[in-house]
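Coordinate inspection notes
Given next are the chains, with one letter for each unit.
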Amino acid sequence: MKVEKLWNLECNDSILGIRLGDINNNGQIEVVAHTKSGKLLIITLSGTIIRQVVITQNSPIWHLEIHDINNDKKNELILGGLDGVLRTYKVSSTYNLSAYWNHKLGASISGILIYDINNCWVANNKKTKKKKFI
């Protein structure tokens, strides 16, 4: 297999993870990176930074998921990190984030599992009997 470099991105912060997904529901996939200092970087597939958003002040975001959590056929961003706040955001067509809901937990968040524990997703999507795992 031949690997070809498509682009480079220089960042002054440690990137702790990335996810790919259509975050503003425009039919295009974006790259979303989360950093040690609490920023999100929204990047095109060609390597152009669309937006940088400060989520926390100098507190790492350790985990990010892109998922439709309310079954409205639009993806939301789900974030967790050192400060123990589980955050969810909706993303506008112009890549502005608006808080959907937040919840302060008693400890830092190092991972997020999305699972349909009451089968409401399965009941609302009878064509496929699969549950969503991320």
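In this text, all values refer to a predicted model and were calculated from it rather than measured experimentally.

**Some words on the nonpolar core**
- The biggest cluster of nonpolar side chains holds 14 residues, and the ones touching the most others in it are Ile 23, Val 32, Leu 40, Ile 55, Leu 64, Leu 77 and Leu 79.
- If you list the elements that add at least two residues to this core, you get β3 (39-43), β5 (61-67), β6 (76-81) and β7 (85-91).
- With three residues, the top contributor of residues to this core is β5.
- Residues within four places of Leu 64 in sequence aside, it is in contact with Arg 19, Val 32, His 34, Leu 40, Leu 77, Ile 78 and Leu 79.

**Describing empty space enclosed by the protein**
- Applying the stated rule across the entire model yields one cavity of 30 Å³ or more.
- Put simply, the largest cavity is a space of about 40 Å³.
- In terms of lining, the largest cavity is formed by Ile 55, Thr 56, Pro 60, Ile 61, Leu 79, Gly 80, Gly 81, Asp 83, Val 85 and Arg 87.
- Breaking the lining of the largest cavity down by element, the ones donating at least two residues are β6 and β7.
- Ranked by residue count, the leading element in the lining of the largest cavity is β6, at three residues.
- Classifying every residue of the lining of the largest cavity gives five nonpolar, three polar and two charged.

**A look at a nonpolar patch on the surface**
- There is a patch of nonpolar side chains on the surface, built from Leu 16, Trp 62 and Leu 82 and spanning about 260 Å² of accessible area.
- By the secondary structure assignment, Leu 82 is in the loop between β6 and β7.
- Residue Leu 82 is classed as partly exposed on the basis of its relative accessible area of 42%.

**A few points about the confidence of the model for the protein**
- Of the residues in the protein, 89% have a pLDDT of 70 or more, and the chain-wide mean is 88.
- pLDDT under 50 marks residues 127-134. Its contacts with residues more than four places away, or in other chains, come to 21 contacts.

**Quick look at the sheet that holds β6**
- The strand order across the open sheet built from four strands is β5-β6-β7-β8, with neighbouring strands paired in antiparallel fashion. Sheet topology places β5 and β8 (97-104) at the edges, where each strand pairs with a single neighbour. Taking each pair of neighbouring strands and ignoring which way they run, the sheet shows an average axis angle of 20°.

**A few points about the environment of Tyr 95**
- By secondary structure assignment, the location of Tyr 95 is in the loop between β7 and β8.
- Measuring from C-alpha to C-alpha, the distance between Tyr 95 and Ile 23 comes to 8.2 Å, with 72 residues separating the pair along the chain.
- In contact with Tyr 95, other than residues within four places in its own chain, are Ile 23, Asn 24, Asn 26, Glu 30, Ile 42, Ile 50 and Arg 51.
- A polar side-chain atom of Tyr 95 sits 2.9 Å from a polar atom in the side chain of Glu 30.

**Observations regarding the pattern of salt bridges**
- In the structure shown here, the tally under the stated rule is four salt bridges.
- For Glu 65, the salt bridge identified is with Arg 19, shortest N-O distance 3.2 Å. One end of the pair, Glu 65, is in strand β5; the other, Arg 19, is in strand β1 (residues 15-21), and 46 residues separate them in sequence.
- A relative accessible area of 3% places Glu 65 in the buried class.
- In this structure Arg 19 comes out as partly exposed when scored by relative accessible area, which is 31%.
- Note that Glu 76 is salt-bridged to Lys 90, the shortest N-O span being 2.8 Å. Here Glu 76 is found in strand β6, whereas its partner Lys 90 is found in strand β7, with 14 residues between them in sequence.
- Assessed through its relative accessible area of 25%, Lys 90 is described here as partly exposed.
- What you see here is one network of salt bridges that share partners, running through Asp 72, Glu 76 and Lys 90.

The rules behind the values
Residues numbered from 1 in each chain as written. Predicted model: local features only at pLDDT ≥ 70, side-chain atom pairs only at ≥ 80, totals over all residues. Heavy atoms only, no water. Core = buried A, V, L, I, M, F, W, Y, C linked by side-chain atoms within 4.5 Å. Buried < 20%, exposed > 50% of the residue type's maximum accessible area, 1.4 Å probe, protein only. Helix = DSSP H or I, 4+ residues; strand = E, 2+ residues; numbered from the N terminus. Contact = heavy atoms within 4.5 Å. 1 Å grid on protein atoms, 1.4 Å probe; cavity = no way out; pocket = protein on both sides within 12 Å on 5 of 7 lines; lining within 4 Å. Points joined across faces, edges and corners; volume = space filled by probe spheres on them. Nonpolar A, V, L, I, M, F, W, Y, C, P; charged D, E, K, R; others polar. Patch = residues over 30% accessible without salt bridge, like charges linked within 9 Å, V, L, I, M, F, W, Y side chains within 5 Å. Areas by Shrake-Rupley, 256 points an atom, 1.4 Å probe, with all protein chains shown as cover. Salt bridge = Lys/Arg side-chain N within 4 Å of Asp/Glu carboxyl O. pLDDT = per-residue confidence, 0-100. Pairing = 2+ DSSP bridges. Axes fitted to C-alpha atoms, helices over the stretch in contact; angles between N-to-C directions. Polar contact = N/O pair within 3.5 Å; in protein donor to acceptor, adjacent residues only side chain to side chain.

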